[in-house]
Amino acid sequence: METHMPDFALPSSHPGLNGQKMAKSARDYFSTYNSKYLTVPQNRTACHRSGTNGALEASVVSYRCSIINNYVEGTQGAVKDKTSPSGLHFRDSKRKVDYVLAYHYRRRLARHEPGAASPEPRRGSAAVALVSNGGTGNGRAEPQQQQQDDGQRALREWPGLPGLEVLELSPLDALEEERRLQREEYERNLLEAGLEIERDPENKSQGLSFVRIHAPWQVLSREAELLKIKMPTKKMYEITEEKGILKTLNEIWCKFTEPLQPQVPQQENTKMKTLSYPFSREKIYLYNIKDKDNFFDNATRSRIVREILKRTSTKARNSMGIGTLIANNVYDAAYPLHDGEYEGQNDDMNERKLLYQEWARYGVFYKFQPIDLIRKYFGEKIGLYFAWLGLYTEFLIPSSLVGIIVFLYGCITIESDIPSREMCDQRNAFTMCPLCDKFCDYWNLSSACATARASHLFDNPATVFFSIFMALWATMFLEQWKRLQMRLSYFWDLTGLEEEEEHPRPEYENKLLQKKLKNKNITTENSNENEKEKLTWSDRMPGYAANFGLILFMIMLTFSAVFGVIVYRITMAAALSFSTNETTRSNSRVTVTATAVIINLVVVLILDEIYGAVAKWLTEIEIPKTEKTFEERLILKAFLLKFVNSYASIFYVAFFKGRFVGRPGRYVYVFEGYRMEECAPGGCLMELCIQLSIIMLGKQLIQNNLFEIGIPKLKKLFRKLKDERTVLKEMDTNQSKDPQQWDLDYILEPFTGLTPEYMEMIIQFGFVTLFVASFPLAPVFALLNNVIEVRLDAKKFVTELRRPDTVREKDIGIWYNILSVIGKLSVIINAFVIAVTSDFIPRLMYQYAYSQNGTMHGFINHTLSYFNVSQLKAGTQPENSLFAQEVAFCRFKDYREPPWSPHQYELSKQYWAVLSARLAFVILFQNLVMFLSVLVDWMIPDIPKDISEQIKKEKAVLVDFFLKEEHEKLKLIESFIARDKRKRRSGTKSKRTRAASFSQCHRSPKGSFTSFSSQHTVV
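Remember, it's a predicted structure, so these values are computed and weren't measured experimentally.

*Asks:* How do you make sense of the overall build of the chain when you look at a structure like this?
*Replies:* A tally of regular secondary structure across the chain gives 30 helices and 20 strands. The burial tally for the chain puts 47% of its 1019 residues in the buried class. Sequence-distant contacts, at least 24 apart, represent 81% of the contacts inside the chain between residues at least 6 apart. Counting every atom, the chain has about 53200 Å² of accessible surface; 58% of that belongs to carbon and sulfur.

Below you can see the structure in the form of structure tokens.
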């Protein structure tokens, strides 16, 4: 909808008022009038200045014409069909589009005269505004009845307005009119800030419109100085290279990995580095400015414009910045443009296309990432994420190799494992007690041979070594990341980066505004007006209480889900034991385990999505002040909930399953007739391995890959179909058929932050480190996933998402602390997995304390206790037992006294000895690994030595550079001063000459005219 300011003649009933008073009076009346009535002139006039209108017309015309001069209207003559060939510039093909604002508009649907024969009243009274030449004045938000009264008063007191038609607005039209007013005011404020704007014509009844923003050099230089953006100077200095064997190894490595390097432009001279310094307009001569249009790259330009958009306010609803306007649906989106298409027939190469070809395709999975180009295009925050992900993936290579070796060791030694052979030997007639009451029969231990042999693949002495290795691996990974982070900070000029003052979030400002309005009615004598208002802990107390209660409820919900799966396993096992089919009964354990794990995976995936939304909502009701605080609190809540959700069932299998079963004759029952489930004959470690592998692989395959690929594509398709339906209803003949870059980018999914990307990798890091003793192949599957994940994330950023705003960050923030906590927690958990879940300690104790010949022969018999079947409770004995001979004693896995002992079925001395050994191992393992981790941390410095030296050298070069420049500047000033002194001296001499000539003239005779004339000519 084309916008114009009011253009009308003042009534003749006010002849005594001057132009300024008339203008003020008209503005006051029309401001009130606009909130209720819409007045449209019968005959539209062009933008002109009339002498009758006086000061009001002059102010209106000057404002409107200034808008036209800064806007490039789509309907302005020959310009209307002209579009930028690349879609990255204004229609003049000179000024770059640094930022885009998108909004949906809707024209008025109905025109009704108030008071006349109008249709039936709608629900809720309509609003009316005064509009002339398609524009409106600035309306004020007032109570509805007052607006109506003021509007009627405006009509009565201004009865002679010529050519005006009064229309009534529906509630939807009034809301659209209010949004249009806010857009006009906001864009006017952007113009006052120095930005240049180009907007599309609103020539349809409804549709999508774009506002394109360009920042000229004056604005860029001013804001770069305010933001202290480091820019390259004319000075370059040499980087000190490594010497000796390190230099040789580095050259060999570079030559060996040359085919793996991406084909992207590199710095011509890698031995030299440009000195950077925060931009200053006073020292502009220091910077290497060859072309003002290209001195600031696109990412920096968009960052500067974003800062202006965030701090530019509007009076309507006290909106502070673009964030509030988007939250109030005044604008739909605000985003910088991509550098062009990432694929196409044209030969024009841009950074986006280069990133797609060398980074964001699955065909280049074997290549290194172009981290510098990623940082240049997306900013330092996203660059650090991909650098961290790349380093993590590289570190998974050695851990995967060691994990494969450990697994192969288990495969090789499976035949020589004595306990497995004893269990599989059918000559050892170990008759085991029934697994359930009444319907389960006695069974031979040799029937669990397959489970025992499979358990040895992961439960062998090599897993202890692998647990120690992975604990040190986690420490070395974090130390190496700190070193890489410092190296990147140096080369990306992030050293000494100060935290910028962040703008408050829109939700915080709205809450603060409500508090101010509430406090206006409550005034005290001791109130301090100068004190800046802010939200206190009492204002946030309801949010904190809701957070505590809901987080506790969500954790209990997770435990309830785990308990539900436990009940399913128990009841399913009992139901299958009733089956008459022998095959069903024999495979009941495998069936129950597999189905329960799949159900658990589905529950984890569903709760993960719910917890993500709940964590965001809980953080919003806390009302954090800044985006950084909001992000940190969201990360902590989401990580806590997702950590509990992902690992609760694994913790149960590892440390609780089979611990509270009881013994024959005194079992523990969940419900009446349902016994607590116990571990498989080979131990719970195999079940832990199955649980961990299925949940880990399922989350990676379904959540991390299918969801990441499918959901953005579905959202993009939905948004595209929605816009196409709007376009098909009314074709726009004035616009070019070819979509511009801002049209293509609007269809893309908006960037919502790196929290989901980090979160899935942190959860995976937990799977790799926390329970690695039970699943040595976890690093292998994590490596395979990450090779795809890097390219998947790259493709999503390049092709599926709008270009994110560049953010300068010198580290990965709170994620490093979470990684450090997981690394320390992994030491404790792996110690308990080895000591409690596996049979490593019982085997060690038997071999060195109870074995007669120091071997593992007799270990199975040692771990099985006796039970007298005559002491089974009535009704629990097996019915129709297939065992031919009478069974007097059955065996069960535990350390208890035999029936013939005076203290029958009590825990034996071996139980307490093994328990003591387990606790001693946990303490020894934890302290040993912690000591080695601290030792590794101490041996590896956080800052590489060469980078530390380069930072010191850069500071010295910077000081010398400025001293030299100041010295040259001082010399130049002294030369000007000396030149000025010489001029003054020459001027003094000429004055003396003139004085001498005048004195000679006065000394000559009065009648001597010739003497005076000659002297005057000389002068």
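Structure shown, so let's carry the discussion forward.
*Asks:* Can you help me understand helix 4 (residues 171–192) in this one?
*Replies:* Side chains three or four residues apart in an α-helix point the same way, a direct result of the helix having 3.6 residues per turn. Between its terminal C-alpha atoms helix 4 stretches 32 Å, which fits the 32 Å expected from 22 residues at 1.5 Å a residue. Summarising burial for helix 4: 16 of the 22 residues are buried, a large majority. Looking one or two places after helix 4, you find Gly-194, whose phi comes out positive at around 105 degrees.

*Asks:* What am I meant to see in the packing of aromatic side chains here?
*Replies:* The description of two aromatic rings rests on the distance between their centres and on the angle between their planes. Overall, the coordinates contain 53 aromatic pairs when judged by the stated rule. Ring geometry for Tyr-385 and Phe-386: centres 5.0 Å apart, planes at 70 degrees, overall edge-to-face. Like Tyr-385, the residue Phe-386 is buried in the burial classification. Relative to Phe-775, the ring of Phe-458 lies with its centre 6.3 Å away and its plane at 55 degrees, an arrangement referred to as tilted. In this pair, Phe-458 is assigned in the loop between helix 14 (449–456) and helix 15 (461–491) and Phe-775 in the loop between helix 23 (755–769) and helix 24 (778–800), connecting sequence segments 317 residues apart. A cation over a ring is seen here: Lys-273 above Tyr-490, with NZ or CZ 5.0 Å from the ring centre.

*Asks:* I'm lost on a positive patch on the surface in this one. Help?
*Replies:* Taken together, the side chains of Arg-979, Lys-981, Arg-982, Lys-983 and Arg-985 present a region of like positive charge at the surface. Looking at the secondary structure, you find Arg-979 in helix 29 (residues 945–1003). Judged by relative accessible area, Arg-979 falls into the partly exposed class, the value being 43%.

*Asks:* Help me understand the state of the cysteines, please; the structure alone is not making it clear to me.
*Replies:* As used in these notes, a disulfide is a covalent bond between sulfur atoms, one from each of two cysteines. Inspection of every chain in the model, using the stated rule, returns three disulfides. Covalent S-S linkage joins Cys-424 and Cys-449, the inter-sulfur distance amounting to 1.9 Å. Because the torsion about its S-S bond is 95 degrees, the bridge between Cys-424 and Cys-449 counts as right-handed. Of this pair, Cys-424 sits in helix 13 (residues 418–424) while Cys-449 sits in helix 14, and the two are 25 residues apart along the sequence. Note on Cys-449: relative accessible area 18%, which makes it buried. Between the sulfur of Cys-433 and that of Cys-890 lies a disulfide, 1.9 Å long from S to S. An S-S torsion of about 85 degrees defines the bridge between Cys-433 and Cys-890 as right-handed. Placement of the pair is Cys-433 in the loop between strand 13 (431–432) and strand 14 (443–444) and Cys-890 in strand 20 (residues 889–893), with a sequence separation of 457 residues.

*Asks:* Quick question: what am I supposed to make of the environment of His-214 here?
*Replies:* On the secondary structure map, His-214 appears in strand 7 (residues 206–214). The exposure class of His-214 is buried, given its relative accessible area of 9%. With 119 residues separating them along the chain, His-214 and Arg-95 place their C-alpha atoms 6.6 Å apart. Beyond its immediate chain neighbours, meaning those up to four positions away, His-214 contacts Phe-90, Arg-95, Lys-96, Asp-98, Leu-195, Glu-196 and Arg-301. Within the structure, His-214 has its side chain in polar contact with the backbone oxygen of Lys-96 (distance 2.8 Å).

*Asks:* Help me out: how do you make sense of the side chain of Lys-642 in this one?
*Replies:* Of note, Lys-642 is situated in helix 20 (residues 627–655). Asp-608 is the oppositely charged side chain nearest to the buried, salt-bridge-free Lys-642, at an N-O distance of 5.1 Å. When residues no more than four places from it in sequence are discounted, the contact partners of Lys-642 are Asp-608, Gly-612, Met-759 and Ile-763.

*Asks:* Explanation requested: the sheet that holds strand 7 in the structure shown.
*Replies:* Strand pairs in the sheet, formed through backbone hydrogen bonds, run parallel or antiparallel to each other. Read from one edge to the other, the open sheet built from four strands follows the order 6-7-2-12, with strand pairing classed as antiparallel. Of all strands in the sheet, those bounded by a partner on one side alone are strand 6 (196–199) and strand 12 (333–335). Across the sheet, the mean angle separating the axes of adjacent strands is 20 degrees when strand polarity is ignored. For strand 6 and strand 7, the ladder comprises four bridges, and the chain directions are antiparallel. If you follow Glu-196 over to strand 7, its bridge partner there is His-214. Docked against the sheet, helix 4 engages strand 2 (99–106), strand 6 and strand 7, running at close to 155 degrees with respect to strand 2. Contacts from helix 8 (residues 298–311) reach strand 2, strand 7 and strand 12 within the one sheet, and its direction differs from that of strand 2 by about 50 degrees.

*Asks:* Could you clarify how one ought to interpret a nonpolar patch on the surface in this entry?
*Replies:* There is a patch of nonpolar side chains on the surface, built from Ile-245, Leu-246, Leu-249 and Ile-252 and spanning about 430 Å² of accessible area. Within the secondary structure, Ile-252 is located in helix 6 (residues 245–256).

*Asks:* Explain the confidence of the model for the chain here, please?
*Replies:* Low pLDDT marks stretches whose predicted atomic positions should not be read closely. Per-residue confidence for the chain gives a mean pLDDT of 77, with 77% of residues at or over 70. Here residues 1–82 scores under 50 on pLDDT; set against residues more than four positions off or in separate chains, the count is 177 contacts. Segment residues 110–161: pLDDT under 50, and 130 contacts once partners within four positions in sequence are set aside and those in other chains are kept.

*Asks:* Where do I start with the nonpolar core in this structure?
*Replies:* Generally speaking, a soluble globular protein has its nonpolar side chains buried in company with each other. Residues Trp-359, Phe-378, Trp-388, Tyr-392, Trp-473 and Phe-771 are the most contacted members of the largest nonpolar core, which totals 117 residues. Looking at which element gives the most residues to this core, the answer is helix 20, with 15 residues. Every residue in contact with Trp-359, bar those within four places of it in the chain, is listed here: Leu-354, Val-364, Gln-369, Pro-370, Ile-374, Phe-378, Phe-386, Val-790, Arg-791, Ala-794 and Val-798. In terms of nonpolar packing, the next biggest core, distinct from the first, is built from 42 residues, Ala-193, Ala-215, Met-231 and Tyr-490 among them.

*Asks:* Can you help me understand the packing of helix 17 (residues 537–577) against helix 19 (residues 588–622) in this one?
*Replies:* A pair of packed helices is captured by two measures, namely the crossing angle of their axes and the spacing between those axes. Direction vectors running N to C along helix 17 and helix 19 enclose 170 degrees, while the axes themselves pass 10 Å from each other. Relative to helix 19, helix 17 is oriented roughly antiparallel. In terms of residue class, the contact of helix 17 with helix 19 is built from 22 nonpolar, eight polar and three charged.

*Asks:* How should the pattern of salt bridges be read in this particular structure?
*Replies:* Side chains that carry opposite charge are capable of pairing whenever their charged atoms lie near each other. In total, this model carries 41 salt bridges according to the counting rule given. Note that Arg-91 is salt-bridged to Glu-198, the shortest N-O span being 3.7 Å. Separated by 107 residues along the polypeptide, Arg-91 in the loop between helix 2 (54–70) and strand 2 and Glu-198 in strand 6 bring together distant segments of the chain. Neither residue differs from the other here; Arg-91 and Glu-198 are each classed as buried. Measuring nitrogen to oxygen at the nearest pair gives 3.0 Å for the salt bridge that ties Glu-223 to Arg-222. For Glu-223, a relative accessible area of 1% gives the class buried. Within the structure, one salt-bridge network assembled from shared partners comprises Arg-91, Glu-198, Asp-200 and Arg-212.

*Asks:* What is the right way to look at unusual backbone geometry in this model?
*Replies:* One can expect most non-glycine residues to show negative phi and most peptide bonds to be in trans. Even without a glycine there, the phi angle at Asp-493 is positive, about 60 degrees. If you trace the backbone, Asp-493 turns up in the loop between helix 15 and helix 16 (506–520). A positive phi angle is found at Tyr-905, which is not glycine, with a value near 65 degrees. Structurally, Tyr-905 can be placed in the loop between strand 20 and helix 28 (909–939). When its relative accessible area of 5% is taken as the criterion, Tyr-905 is described as buried.

Parameters and conventions
- Residues numbered from 1 in each chain as written.
- Predicted model: local features only at pLDDT ≥ 70, side-chain atom pairs only at ≥ 80, totals over all residues.
- Heavy atoms only, no water.
- Helix = DSSP H or I, 4+ residues; strand = E, 2+ residues; numbered from the N terminus.
- Buried < 20%, exposed > 50% of the residue type's maximum accessible area, 1.4 Å probe, protein only.
- Contact = heavy atoms within 4.5 Å.
- Areas by Shrake-Rupley, 256 points an atom, 1.4 Å probe, with all protein chains shown as cover.
- Expected span 1.5 Å × (residues − 1).
- Phe/Tyr/Trp six-rings, centres within 6.5 Å; stacked < 30°, edge-to-face > 60°.
- Lys NZ or Arg CZ within 6 Å of the ring centre and 35° of its normal.
- Patch = residues over 30% accessible without salt bridge, like charges linked within 9 Å, V, L, I, M, F, W, Y side chains within 5 Å.
- Salt bridge = Lys/Arg side-chain N within 4 Å of Asp/Glu carboxyl O.
- Lys, Arg positive; Asp, Glu negative; His and termini not counted.
- Charge placed at Lys NZ, Arg CZ, Asp CG, Glu CD.
- Disulfide = S-S within 2.5 Å.
- Polar contact = N/O pair within 3.5 Å; in protein donor to acceptor, adjacent residues only side chain to side chain.
- Pairing = 2+ DSSP bridges.
- Axes fitted to C-alpha atoms, helices over the stretch in contact; angles between N-to-C directions.
- pLDDT = per-residue confidence, 0-100.
- Core = buried A, V, L, I, M, F, W, Y, C linked by side-chain atoms within 4.5 Å.
- Parallel < 35°, antiparallel > 145°, perpendicular 65-115°, else oblique.
- Nonpolar A, V, L, I, M, F, W, Y, C, P; charged D, E, K, R; others polar.

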